[in-house]
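# Observations on the three-dimensional arrangement
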Amino acid sequence: MGSSSILVIYTGGTIGMVQDPETGELSPVNFVEISKKIPELMRFDLNIETFSFVPPLDSAEIDPEIWIRMAAVIKENYSLFDGFVILHGTDTMAYSASALSFLLENLDKPVIFTGSQLPLGMLRTDGKENLITAIEIAAAKENNTPIVPEVCIFFQNRLFRGNRTTKYNVEYFNAFRSDNYPHLAETGVNIRYNRSAIIYPPETGKLKAHTRMNSNIAILKIFPGITRELVYAIYNIPELRAVIMETYGAGNAPTLPWFISLTRGAVSKGIIILNVTQCATGSVDMTQYKTGKQLQDIGVSSGYDITIEAALAKMMFLLAQSTSNKEIRALFNESLRGEIN
Ligand code: ASP
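Residues numbered from 1 in each chain as written. Predicted model: local features only at pLDDT ≥ 70, side-chain atom pairs only at ≥ 80, totals over all residues. Heavy atoms only, no water.

## Looking at the pattern of salt bridges
Close approach of charged atoms allows side chains with opposite charge to pair. Let me state the cut-off plainly: Take a side-chain nitrogen of Lys or Arg and a carboxyl oxygen of Asp or Glu: if they are within 4 Å of each other, that pair is a salt bridge. Helix and strand assignments come from DSSP, with helices taken as H or I runs of at least 4 residues and strands as E runs of at least 2, each series counted from the N terminus. Categorising residues by exposure relies on relative accessible area from a 1.4 Å probe, with only protein chains included: less than 20% of the type maximum marks a residue as buried, more than 50% marks it as exposed, and the intermediate range marks it as partly exposed.
In this structure the tally under the stated criterion is nine salt bridges. Between lysine 314 and glutamate 339 there is a salt bridge whose closest N-O contact spans 2.6 Å. One end of the pair, lysine 314, is in helix H8 (residues 308-321); the other, glutamate 339, is in the segment after helix H9 (325-332), with 25 residues separating them in the sequence. The buried category is assigned to glutamate 339, whose relative accessible area is 0%.

## Regarding helix H3 (residues 93-103)
With ten of its eleven residues buried, H3 lies for the most part within the structure. Inspection of H3 places Met93, Ala94, Ser96, Ala97, Ser98, Ala99, Leu100, Ser101, Phe102 and Leu103 among the buried residues, and these make up the whole buried set.

## Points about the sheet that holds strand E19 (residues 272-277)
To be explicit about the condition: Strand pairing is defined by DSSP finding a minimum of two bridges between the two strands. Only heavy atoms enter the contact rule, under which two residues are in contact if any of them lie within 4.5 Å. To obtain an axis, a line is fitted to C-alpha atoms, over the contacting stretch when the element is a helix, and the angle between two such axes runs from 0 to 180 degrees between their N-to-C directions.
Ordered by their spatial adjacency, four strands build an open sheet running E17-E18-E19-E20, and the pairing between neighbours is parallel. A strand with exactly one partner marks an edge of an open sheet, and here the two such strands are strand E17 (217-221) and strand E20 (301-302). In the packing of H8 onto the sheet, the strands contacted are E17, strand E18 (242-247) and E19, and the crossing angle to E18 comes to about 165°.

## Overview of the packing of aromatic side chains
Filter applied, for reference: Two rings from Phe, Tyr or Trp (for Trp, the six-membered ring) form a pair when their centres are within 6.5 Å of each other. A pair whose planes differ by under 30 degrees is stacked, one over 60 is edge-to-face, and the rest are tilted. Two conditions define a charge located above a ring, namely a distance within 6 Å from the ring centre to NZ of Lys or CZ of Arg, and an angle within 35 degrees of the ring normal.
Counted under the stated rule, the structure contains six aromatic pairs. When the ring of tryptophan 258 is compared with that of phenylalanine 259, the centres are 6.0 Å apart and the planes differ by 85°; the resulting orientation is edge-to-face. Lying across the ring of tyrosine 168, arginine 177 places its NZ or CZ 4.4 Å from the centre.

Honestly, it's all geometry; don't read function into it.
Structure, rendered in structure tokens:
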């Protein structure tokens, strides 16, 4: 690993926060302060450099513009480093990792997101372990090629494909899950890579960092008692291009005549509707029940086993790349970055 160089990009999040002694509130501070708390970093036989977003952000503040900046930082530094670690708050980490997986086309180096549930300055912090292992994974090579050339999240003792993860735990250190895809690595005494689950790009072209996302989308979560007013209001948002419909089970929604008629109307005026299940595990299959089949008949697209975070990121990405609904709908049937099975 001697000659590897890693760029640690600090965007903010709990990992780098300090607690106000009076109010107890956590807020982000700069990375120079943080790195003083981890003298272990000096023991790596690696060249580690850092880049900080100013100001550092609680990840609840992160938006598509910041995803584009993160992708640009990677692009600008791509030839100088062997791997990248992004320190990020856990709240929206799964969204950011999903977005970066789409924005970075032809990626062939590791981009490892990590953070922590307790700030680095706290005695029981999980941040030190997460950061040190994320750096080790970002630098890991075999035959001079990176072992994990993907956008990932490393947390506690697992490495996940970024666009397969969801934050599910506020309390415990194992904050993330990837219910529809195996872990890319597990760490204990050793780091055990699950090579058959990792995507090794064929001969990739040059890295391309896309610079556009389109946020004219909505998420419509179906629930018992959902009203016509709510559904009507969503489908009539000015400039709306797409709706991610979070349905029950295998992709089912009520057969209420007003619901079907509003949804049919939305599709016919050119709004793309993507069906994503509210369940954490499994896939949409609109052929299973009448309540799913009617959506398919109207022209609603299947999200298969995509997470809500990846669906949102992929939709924003595709809407910004293409104006053709036909093309976008076709691309939702394909895995672009390993986001669906
Ligand atoms: N609110 C914090 C954030 O997402 C939580 C965390 O980092 O775990 O920035």
